[in-house]
Amino acid sequence: MADLFDCIISTKQTFGGCTELVLQNGALAACAAQGQFLHIQCGDQTLRRPISICDVAGDSLTVVFEVKGAGTEWLAAQQVGAVVNVLGPLGHGFPLVCGRILVCGGGIGVPPMLLTAKGAEAADAVLGFRTASREMLTDRFRAVCTDVVVMSDDGTCGKQGFVADGAAELLKKHTYAAVMACGPKIMLKTVAQAAKKAGVPCYVSMEERMGCGIGACLVCACKTTKNGEEGYRHVCKDGPVFAAEEVCWDD
Ligand SMILES: Cc1cc2nc3c(=O)[nH]c(=O)nc-3n(C[C@H](O)[C@H](O)[C@H](O)COP(=O)(O)OP(=O)(O)OC[C@H]3O[C@@H](n4cnc5c(N)ncnc54)[C@H](O)[C@@H]3O)c2cc1C
Ligand code: FES
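First things first, this report covers the structure right here in the doc. Quick caveat: nothing in here was measured; it's all calculated off a predicted structure.

Reading the values: the criteria
Residues numbered from 1 in each chain as written. Chains lettered and ligands numbered in written order. Predicted model: local features only at pLDDT ≥ 70, side-chain atom pairs only at ≥ 80, totals over all residues. Heavy atoms only, no water. Core = buried A, V, L, I, M, F, W, Y, C linked by side-chain atoms within 4.5 Å. Buried < 20%, exposed > 50% of the residue type's maximum accessible area, 1.4 Å probe, protein only. Helix = DSSP H or I, 4+ residues; strand = E, 2+ residues; numbered from the N terminus. Domains from an automatic or database assignment. Contact = heavy atoms within 4.5 Å. Lys, Arg positive; Asp, Glu negative; His and termini not counted. Salt bridge = Lys/Arg side-chain N within 4 Å of Asp/Glu carboxyl O. Polar contact = N/O pair within 3.5 Å; in protein donor to acceptor, adjacent residues only side chain to side chain.

1. What about the nonpolar core?
In terms of nonpolar packing, the biggest core is built from 35 residues, with Leu-102, Cys-104, Val-179, Val-204 and Met-206 touching the most fellow members. Put simply, the parts of the chain that give this core at least two residues each are strand E7 (83-90), strand E8 (100-106), strand E10 (148-152), helix H5 (163-173), strand E12 (178-182), helix H6 (185-198) and strand E13 (202-205). No other element matches the six residues that H6 contributes to this core. Split by domain, this core shows at least three residues from each of two domains, domain 1 (3-90) and domain 2 (100-205). What Met-206 contacts, discounting residues up to four positions off in sequence, is Lys-185, Leu-188, Cys-222, Val-235, Pro-240, Phe-242, Val-247 and Trp-249. Counting 26 residues, the second largest nonpolar core, distinct from the first, contains Phe-94, Val-103, Phe-129 and Val-148.

See the structure below:
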């Protein structure tokens, strides 16, 4: 159940061109689930900014984000000890499935896959980055996953190629109960195709610009099909995670 929480920033670090903040609030941490997001008040910005939950441990939650504009710039400038106001946890995250799963993350879509991998009975990961200087969190994935494949666009870290190439390789090697992915739309589409080819259910976390974050403003509409019928659903409330076969990829 989403609510408003004041969280104290307890740790701050930067890596891969991103900022990681550890936020302390036991009540919020207790109800946060894999694939959900926090809607964070960023200074005097009218609209809150959605940031995925990367990890939960005890009474703390970790978020990792890239500076894009005024909101994330304000958030990245906050120091340890500052208090941020958070609405959350929001959205429907990744389902809990029995058995081994494959998590796939691309760029800033990598962080939410860490909590997802941690929540699984067993998990492997494919992590994709533009280049070595953007690589992040791979050690933390290695600590919780059996097989971790790193891909990069330019071959400067891991193997050269796309996340879907790494996913196709692991889908041939192991049997999975599900594939779960977060990243750019083209990555999600190609990972979903690789999962479909292997006959494995796939869940994807979609990203749209958001207003309210709670299903009231229609800003985040995403075209999907359900039971053969096309329609728009809210990424904030019905998602951000959808079954890949429900997403209308070319809209
Ligand atoms: C469910 C969800 C989870 C997210 N999780 C993360 C995360 O874990 N880490 C992270 O770094 N980012 C995440 N984002 C994206 C993040 O919310 C945006 O980068 C942020 O809102 C930009 O705010 P701003 O004020 O800094 O920039 P703005 O001034 O609002 O925008 C700057 C630029 O970013 C683009 N932008 C703004 N919002 C989005 C968006 N939602 N998707 C794509 N581009 C956008 C704008 O088109 C513009 O070009 C997530 C988005 C969603 C919807
Ligand atoms: S952001 Fe308002 S309905 Fe989704």
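Here the narrative resumes, following the displayed structure.
2. Focus: unusual backbone geometry
The omega torsion across Gly-88 and Pro-89 is -10 degrees, close enough to zero to call that bond cis. Tracing the backbone through its elements, the reader meets Pro-89 in strand E7. A positive phi angle, near 65 degrees, is found at Leu-137, a position not held by glycine. Looking at where Leu-137 falls in the secondary structure, it is placed in the loop between strand E9 (122-129) and helix H4 (138-144). Classification of Leu-137 as buried rests on a relative accessible area of 8%.

3. Some thoughts on the side chain of Glu-246
For Glu-246, the position within the fold is in the segment after strand E16 (241-243). Beyond its immediate chain neighbours, meaning those up to four positions away, Glu-246 contacts Lys-223, Thr-224, Thr-225, Lys-226 and Arg-233.

4. A closer look at the environment of Val-103
Structurally, Val-103 is set in strand E8. Among the residues examined, Val-103 registers a relative accessible area of 0% and is labelled buried. Along the chain, Val-103 and Leu-127 lie 24 residues apart, while their C-alpha atoms are 8.3 Å from each other. With residues up to four places along the chain from it excluded, the contact list for Val-103 reads Met-113, Thr-116, Ala-117, Asp-124, Ala-125, Val-126, Phe-141 and Met-180.

5. A short note on the side chain of Arg-48
If you trace the backbone, Arg-48 turns up in the loop between strand E3 (37-40) and strand E4 (49-52). This buried residue, Arg-48, is left without a salt bridge; Asp-6 holds the nearest opposite charge, at 7.6 Å. There is a polar contact of 3.2 Å between the side chain of Arg-48 and the backbone oxygen of His-39. Side chain to side chain, Arg-48 and Asn-85 meet in a polar contact 2.6 Å long. Contacts of Arg-48, omitting those with residues within four sequence positions, involve Leu-4, His-39, Ile-40, Gln-41, Asn-85, Val-86 and Leu-87.

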